[in-house]
Amino acid sequence: MRIAALVVLLGLAACAAPAPPTGSPAALAAYLSDVIHADAVTRARAVATWRLDEPAWRRTVIAGAWPLYPAYVRAFDREAPAMLDRLARADRAAPVAARRHFAGDAALTPAQARVRWLLPTLFPSAVAADAGPIDTVFVADGAAWRALIGLDTALRAHIACPALAHAGPAGPCSDAAAALVTAALGKDSAQVARLCPLAAALCGKGSP
């Protein structure tokens, strides 16, 4: 009987779904589901670990964005409580889904789209949603997950061009705004002076 029971247990283990690969969207979805369903203390501890330290920051964002780290830290600390509240109020019946974070994805929030400009091409960042978007960008830091909460705020504070706030995932407005960000991070003041009025013309209320 013991041998038979062992065979059954081994069979059940073999049939169990394998854990998703570390750093994959599936792993992020499973992790966020656990965070959402956790108790308040555990959830708060999890969100507190999401801020990148400076070495991870430099491994994550493009070199031109490295000087934004102090502003990111300040904005993260201001905005993390709102994220925690959003997760606490999440619909527990809604499954969490995650996907890779690509430029031009029409389902991105404006902030997620702008953050994409600060990451290297094809960097494996991810975004997630349950009943609605979880409005930040997640990055794998080894086996842990971090979040770029506050980075969009830091970026827009760094570049004195109000049109940037209207840029989203795609369209002429976003093309001009992305070029503006590249010029600003590259400290090309002449290009910034040229592109800000262009972005303002393209990024009127309701523009993509």
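Keep in mind that what you see is a predicted model, and the values were worked out from it rather than measured.

1. Concerning the overall build of the protein chain
On a plain count of helices and strands, the protein chain comes out with nine helices and four strands. Reading the secondary structure of the protein chain in the N-to-C direction produces α-α-α-α-α-β-α-β-β-β-α-α-α. Looking at the protein chain residue by residue over its 208 residues, the buried ones come to 42%. Sequence separation of at least 24 residues holds for 68% of the intrachain contacts in the protein chain that already meet a minimum separation of 6. Of the accessible surface of the protein chain, which amounts to about 10700 Å², a share of 64% is contributed by carbon and sulfur atoms.

2. Brief notes about the packing of aromatic side chains
Two aromatic rings, taken as a pair, are described by how far apart their centres are and by the angle between their planes. This structure, assessed with the given rule, holds six aromatic pairs. Seen from their ring centres, Tyr-72 and Phe-76 are 6.0 Å apart, and the 70° between their planes marks the pair as edge-to-face. Residue Tyr-72 and its partner Phe-76 are located together in helix α5 (residues 69-88), separated by four residues, close to a single helical turn. Summarising the burial analysis for this pair, Tyr-72 and Phe-76 share the class buried. Joined through ring pairs, the aromatic side chains of Trp-57, Tyr-69, Tyr-72 and Phe-76 make up one cluster.

3. Concerning the pattern of salt bridges
The final tally for this structure, using the stated rule, is nine salt bridges. Across the salt bridge formed by Arg-89 and Asp-85, the nearest N and O atoms sit 2.8 Å from each other. On the basis of relative accessibility, which here comes to 38%, the residue Asp-85 falls in the partly exposed class. Through salt bridges with shared partners, a single network forms among Arg-59, Asp-141 and Arg-146.

4. What about the state of the cysteines?
This structure, assessed with the given rule, holds two disulfides. In this model, Cys-161 is linked to Cys-196 through a disulfide, with the two sulfur atoms separated by 2.2 Å. Disulfide Cys-161-Cys-196: torsion about the S-S bond near 100°, hence right-handed. With Cys-161 in the loop between α7 (151-158) and α8 (172-185) and Cys-196 in helix α9 (residues 189-202), this pair connects stretches of sequence that are 35 residues apart. The same class applies to Cys-161 and to Cys-196, which are both buried. Note that Cys-173 is cross-linked by a disulfide to Cys-203, the S-S spacing being 2.0 Å. Sign of the S-S torsion, about 105° for the bond between Cys-173 and Cys-203, identifies this disulfide as right-handed. With Cys-173 in helix α8 and Cys-203 in the segment after α9, this residue pair connects regions lying 30 residues apart in the sequence. Cys-173 gets classed as buried once you look at its relative accessible area, which sits at 1%. Each bonded cysteine in the protein chain gets a number by its place in the sequence, and the pairs come out as 1-3, 2-4.

5. Things to note about the sheet that holds strand β4 (residues 144-147)
Two modes of strand pairing occur in sheets, parallel and antiparallel, and in both the strands are linked by backbone hydrogen bonds. Strand order across the open sheet formed by four strands is β1-β2-β3-β4, with antiparallel pairing between neighbours. Each edge of the open sheet carries a strand with a single partner, namely β1 (97-100) and β4. Within this sheet the neighbouring strands show an average axis-to-axis angle of 35°, counted without direction. Helix α2 (residues 25-37) rests against β1, β2 (126-129), β3 (133-141) and β4 of the sheet, and its axis sits at about 150° to β1.

6. Observations concerning the side chain of Gln-112
Tracing the chain through its elements places Gln-112 in helix α6 (residues 110-116). Here the side chain of Gln-112 touches Ile-134 through a polar contact of 3.3 Å, landing on its backbone oxygen.

7. Comments concerning the nonpolar core
Trp-50, Trp-57, Tyr-72, Leu-148 and Leu-151 are the most contacted members of the largest nonpolar core, which has 61 residues in total. Here this core gets eight residues from one element, more than from any other, and that element is α8. Non-local contacts of Trp-57, meaning those with residues more than four positions away in its chain, are made with Leu-52, Ala-65, Trp-66, Leu-68, Tyr-69, Tyr-72, Leu-148 and Leu-151.

Rules behind the numbers
Residues numbered from 1 in each chain as written. Predicted model: local features only at pLDDT ≥ 70, side-chain atom pairs only at ≥ 80, totals over all residues. Heavy atoms only, no water. Helix = DSSP H or I, 4+ residues; strand = E, 2+ residues; numbered from the N terminus. Buried < 20%, exposed > 50% of the residue type's maximum accessible area, 1.4 Å probe, protein only. Contact = heavy atoms within 4.5 Å. Areas by Shrake-Rupley, 256 points an atom, 1.4 Å probe, with all protein chains shown as cover. Phe/Tyr/Trp six-rings, centres within 6.5 Å; stacked < 30°, edge-to-face > 60°. Salt bridge = Lys/Arg side-chain N within 4 Å of Asp/Glu carboxyl O. Disulfide = S-S within 2.5 Å. Pairing = 2+ DSSP bridges. Axes fitted to C-alpha atoms, helices over the stretch in contact; angles between N-to-C directions. Polar contact = N/O pair within 3.5 Å; in protein donor to acceptor, adjacent residues only side chain to side chain. Core = buried A, V, L, I, M, F, W, Y, C linked by side-chain atoms within 4.5 Å.

The quantities given are spatial measurements derived from coordinates; they are silent on function.
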